[in-house]
Amino acid sequence: MIPLKDSYKHKGLRKVLVKTLREKGIKDESVLEAIGRVPRHFFIQKYTAEKAYEDTALQIDAGQTISQPFTVAYQTELLNVRPGITVLEIGTGSGYQAAILAEMGAKVYTIERQEELYRKTSRFLAEMGYSSIQCFLGDGSIGLKTHAPFDRIIVTAGAPSVPQPLLKQLRKGGTLVIPVGDEKVQKMITVLKISEKEYEQIELDAFKFVPLIGESAW
Ligand code: SAH
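Remember, predicted model here, so these are calculated numbers, not experimental data. (Residues numbered from 1 in each chain as written. Predicted model: local features only at pLDDT ≥ 70, side-chain atom pairs only at ≥ 80, totals over all residues. Heavy atoms only, no water.)

**Topic: the sheet that holds strand β3 (residues 86-90)**
(1) Moving on: The strand order across the open sheet built from 7 strands is β5-β4-β3-β6-β7-β8-β9, with neighbouring strands paired in mixed fashion. If you trace the sheet from one side to the other, it starts and ends with β5 (133-137) and β9 (199-207), each paired once. Pairwise comparison of adjacent strand axes, ignoring direction, gives a mean angle of 15° for this sheet.
(2) Moving on: Here 4 bridges tie strand β6 (residues 150-155) to strand β7 (residues 170-181), and the two strands are oriented parallel to one another. (Pairing = 2+ DSSP bridges. Helix = DSSP H or I, 4+ residues; strand = E, 2+ residues; numbered from the N terminus. Axes fitted to C-alpha atoms, helices over the stretch in contact; angles between N-to-C directions.)

**So, the pattern of salt bridges**
(1) Moving on: Counted according to the given criterion, the structure contains 12 salt bridges.
(2) Moving on: Ionic pairing is found between Glu23 and Lys19, a salt bridge with its closest N-O pair at 3.3 Å. Taken together, the residues span about one helical turn, with Glu23 and Lys19 both in helix α1 (residues 8-23) at a distance of 4 residues.
(3) Moving on: Judged by relative accessible area, Glu23 falls into the exposed class, the value being 60%.
(4) Moving on: Put simply, Arg22 and Glu29 hold a salt bridge, and the shortest N to O gap is 2.6 Å.
(5) Moving on: With relative accessibility at 39%, the residue Glu29 sits in the partly exposed group. (Salt bridge = Lys/Arg side-chain N within 4 Å of Asp/Glu carboxyl O. Buried < 20%, exposed > 50% of the residue type's maximum accessible area, 1.4 Å probe, protein only.)

**A few points about helix α2 (residues 29-37)**
(1) Moving on: Inspection of α2 places Val31, Leu32, Ala34 and Ile35 among the buried residues, and these make up the whole buried set. Angularly, the buried residues of α2 cover 160° about the axis, an arc narrow enough to put them on a single face.
(2) Moving on: Against α1, α5 (69-79) and α6 (96-103) lie the buried residues of α2. (Arc of directions from axis to C-beta. Contact = heavy atoms within 4.5 Å.)

**As for the site of the ligand**
(1) Moving on: Neighbouring the ligand are 28 residues; Glu89, Ser94, Glu112, Gly140 and Ile213 lie closest to it.
(2) Moving on: With respect to the ligand, the side chain of Glu112 contributes an N or O atom lying 2.6 Å from an oxygen atom.
(3) Moving on: Contact with the protein chains hides 99% of the accessible area of the ligand, taken as 590 Å² for the molecule alone.
(4) Moving on: In this structure the site holding the ligand corresponds to the largest pocket.
(5) Moving on: Put simply, the parts of the chain that give the shell around the ligand at least two residues each are β2 (65-66), β3, α6 and β4 (107-112).
(6) Moving on: For the shell around the ligand, the per-class residue count stands at 10 nonpolar, 14 polar and 4 charged. (Near = heavy atom within 4 Å. Polar contact = N/O pair within 3.5 Å; in protein donor to acceptor, adjacent residues only side chain to side chain. Areas by Shrake-Rupley, 256 points an atom, 1.4 Å probe, with all protein chains shown as cover. 1 Å grid on protein atoms, 1.4 Å probe; cavity = no way out; pocket = protein on both sides within 12 Å on 5 of 7 lines; lining within 4 Å. Sits in = over half its atoms within 2 Å of the grid points. Nonpolar A, V, L, I, M, F, W, Y, C, P; charged D, E, K, R; others polar.)

**Regarding unusual backbone geometry**
(1) Moving on: Going from Ala148 to Pro149, the amide bond is cis rather than trans, its omega being 0°.
(2) Moving on: You can see Pro149 is positioned in the loop between β5 and β6.
(3) Moving on: Positive phi, normally seen in glycine, also occurs at Ala62, with a value near 55°.
(4) Moving on: The residue Ala62 is located in the loop between β1 (58-59) and β2 in this model.

**Overview of the side chain of Thr92**
(1) Moving on: Turning to its location among the elements, Thr92 is positioned in the loop between β3 and α6.
(2) Moving on: Residues in contact with Thr92, not counting those within four places in the same chain, are Thr110, Ile111, Glu112 and Thr121.

**Topic: the packing of aromatic side chains**
(1) Moving on: Counted by the stated rule, this structure contains 8 aromatic pairs.
(2) Moving on: Ring plane angle 55° and centroid distance 5.7 Å describe the contact between Phe70 and Tyr74, whose orientation is recorded as tilted. Here Phe70 pairs with Tyr74, and both are found in helix α5, just 4 residues apart, close to one helical turn.
(3) Moving on: In this structure Tyr74 comes out as buried when scored by relative accessible area, which is 10%.
(4) Moving on: With centroids separated by 6.5 Å and ring planes inclined at 20°, the aromatic side chains of Phe70 and Phe207 adopt a geometry described as stacked. (Phe/Tyr/Trp six-rings, centres within 6.5 Å; stacked < 30°, edge-to-face > 60°.)

Function cannot be inferred from these measures alone, as they are strictly geometric.
Structure representation (structure tokens):
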């Protein structure tokens, strides 16, 4: 493998990206700092550096996409990440979102249903030294019971509705962030778990994700 290089050019491109995200309304400095630190071009090596730092979604393996940086920043900001919290991510994909969360000090459990992506990304994240990220292969629409409850849950694929198992596996006081809608468009939803029976749901902006496929999904 060619050794990966993070040069001044890449750092410069990240600075421009952070500025763009700030202009688009991202305010959480810890999110912007993490985006400024994580070398996105490592996660999508078939693209040029310029392309890797554009604010766009890009195709990765197995017909999936790495989310647009704005979307990553938007979801991460909603999660209100603090060092030491546990986060379950559904849809590992390239591993970029997981790396952003780890960079912010979270302990990350991430689950991917496509074996090819799971294998490639889990190996890559380990090589990158992300020891606070644990990768799992399986259907994340039913959560990850063995490691529940989680302080936060983030779903990076579009769901037809809020999967009930995920609400169960959320710690009291925790937040779930998930895009919910049809195949064409989804609204970002945050659900705050007040108690086992009480939840506060907020509907936010529209996005377009690849579908969440599974038992509690499409
Ligand atoms: N967070 C990723 C973006 C992933 S795109 C990143 O930072 O690159 C969404 C991913 O969700 C795809 O890889 C898709 O295979 C996966 N996915 C879809 N349904 C899933 C499910 N039920 N469980 C786990 N992963 C799922």
